[in-house]
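Structural overview for review
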Amino acid sequence: MQQRIPYDGNDLGAVYTKKYTAFRLWAPTADAVTLCLYREGDGDCLSDTLPMKRDVQGTWTIRVDGDLRHVYYTYRLERSGKTVESQDPYSVAVGVNGQRSMVLDLKETDPENFKEDHGPVFSNRTDLVICEISVLDSTADGSSGVKYPGKYLGLAEKGTKNKEGEATGLDYLKSLGITHVQIMPMYDFASIDEAAPKKREYNWGYDPLNYNVPEGSFSTDPFHGEVRIREMKEMIAAFHREGIGVIMDVVYNHMYRSENPLNSTVPYYFFRQNPDGSFSNGSGCGNEFASERPMARKYLIDSVLYWAQEYHID
């Protein structure tokens, strides 16, 4: 494995302000990187391409003046005569099916009084009573009586009942006497076509695509990147108001497919290889995250902290 230059800054991704957005990508093996700007999260709507500048510790940067809020983007990387286009590994928002990253002011996604939101505190963790749930399965059936079945907002509703008058959704979970829900994957995963909800596709979500973005099929609008973020925060805040903590199930140990933002940006760095160069399959799910490598380890830590700080995951 060729030695890669680690980056120790905290500004990877797109850092937004109303006056400009600063982009920084760690791609030490790239020969050139171009920032591609799009009007929408899908479709033929490229609006600009801007060459990025090689910067410190293997990163590429560019500052784009003006208000880029809700503009979508990708990176086009040239390497050994070949070109690949990828979303940002440090995406915090994406368009439909997670194929393009999105510039966003995260403050606009906060529900009312979200700064004061927090989960329950337990001095003794043996007192936790945890119920594992799925966003989809918890309210998807018509008997749940919720307005938004199978969605983040469906789990945020109070006062829902089935035809027999029994509590459903959030009220039912509260009645169990639990202290926490452990929610099965709700980061952005690859196996569900968010643009075609009528297909009624199903997957538990253990095939990550964008680790730091909510799954769009659980939102009421997967085409606008800010919606899924706001609705997930509303769900978390609803649990917290009931005194229920939220644990998030994340499989950082594999990404299932080699076609992903991490491997597209720095091939063969984030995943372990066998002696013949193929990806190691120690996870049993297609590849194996190389957490012993500095930037892979940094990515995991940055991601965990992001979910805890931005979404108040417990």
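Residues numbered from 1 in each chain as written. Predicted model: local features only at pLDDT ≥ 70, side-chain atom pairs only at ≥ 80, totals over all residues. Heavy atoms only, no water.

A closer look at the packing of aromatic side chains
Enumeration according to the criterion identifies 19 aromatic pairs in this entry. Aromatic pair Phe-270 and Tyr-299: ring centres 6.5 Å apart, planes at 65°, arrangement edge-to-face. One end of the pair, Phe-270, is in the loop between α4 (261-265) and α5 (294-311); the other, Tyr-299, is in helix α5, with 29 residues separating them in the sequence. Taking relative accessible area as the criterion, Phe-270 reaches 5% and is therefore assigned buried. Here a set of aromatic residues connected by ring pairs shows up, and it is made of Trp-26, Tyr-90, Tyr-187, Tyr-211, Tyr-252, Tyr-268, Tyr-269, Phe-270, Phe-271, Phe-279, Phe-289 and Tyr-299. In this structure, Arg-63 is placed above the aromatic ring of Tyr-20, and the distance from its NZ or CZ to the ring centre is 3.7 Å. (Phe/Tyr/Trp six-rings, centres within 6.5 Å; stacked < 30°, edge-to-face > 60°. Helix = DSSP H or I, 4+ residues; strand = E, 2+ residues; numbered from the N terminus. Buried < 20%, exposed > 50% of the residue type's maximum accessible area, 1.4 Å probe, protein only. Lys NZ or Arg CZ within 6 Å of the ring centre and 35° of its normal.)

Things to note about helix α3 (residues 225-241)
Between its terminal C-alpha atoms α3 stretches 25 Å, which fits the 24 Å expected from 17 residues at 1.5 Å a residue. With 14 of its 17 residues buried, α3 lies for the most part within the structure. In the stretch just after α3, Gly-243 is the one whose phi turns positive, near 75°. (Expected span 1.5 Å × (residues − 1).)

Description of the environment of Glu-85
On the secondary structure map, Glu-85 appears in strand β8 (residues 82-86). Looking at Glu-85, the relative accessible area reads 36%, which means it is partly exposed. Separated by 57 residues in the primary sequence, Glu-85 and Pro-28 place their C-alpha atoms 16 Å from one another. Excluding its chain neighbours within four sequence positions, the residues that come into contact with Glu-85 are Cys-36, Tyr-38, Thr-74, Tyr-75 and Arg-76. A polar atom in the side chain of Glu-85 sits 2.6 Å from the side chain of Tyr-38. A polar atom in the side chain of Glu-85 sits 2.6 Å from the side chain of Thr-74. (Contact = heavy atoms within 4.5 Å. Polar contact = N/O pair within 3.5 Å; in protein donor to acceptor, adjacent residues only side chain to side chain.)

Topic: the sheet that holds strand β11 (residues 180-183)
Strand order across the open sheet formed by three strands is β10-β11-β14, with parallel pairing between neighbours. The open sheet terminates on both sides in strands that have one partner only, identified here as β10 (130-133) and β14 (245-248). Ignoring strand direction, the axes of neighbouring strands in this sheet form an average angle of 25°. As paired strands, β11 and β14 are joined by four bridges and run parallel to one another. Its bridge partner being in β14, Gln-182 is matched across the sheet by Ile-247. Strands β10, β11 and β14 of the sheet are contacted by α3, whose axis makes an angle of about 135° with β14. (Pairing = 2+ DSSP bridges. Axes fitted to C-alpha atoms, helices over the stretch in contact; angles between N-to-C directions.)

So yeah, pure geometry; function would need other evidence.
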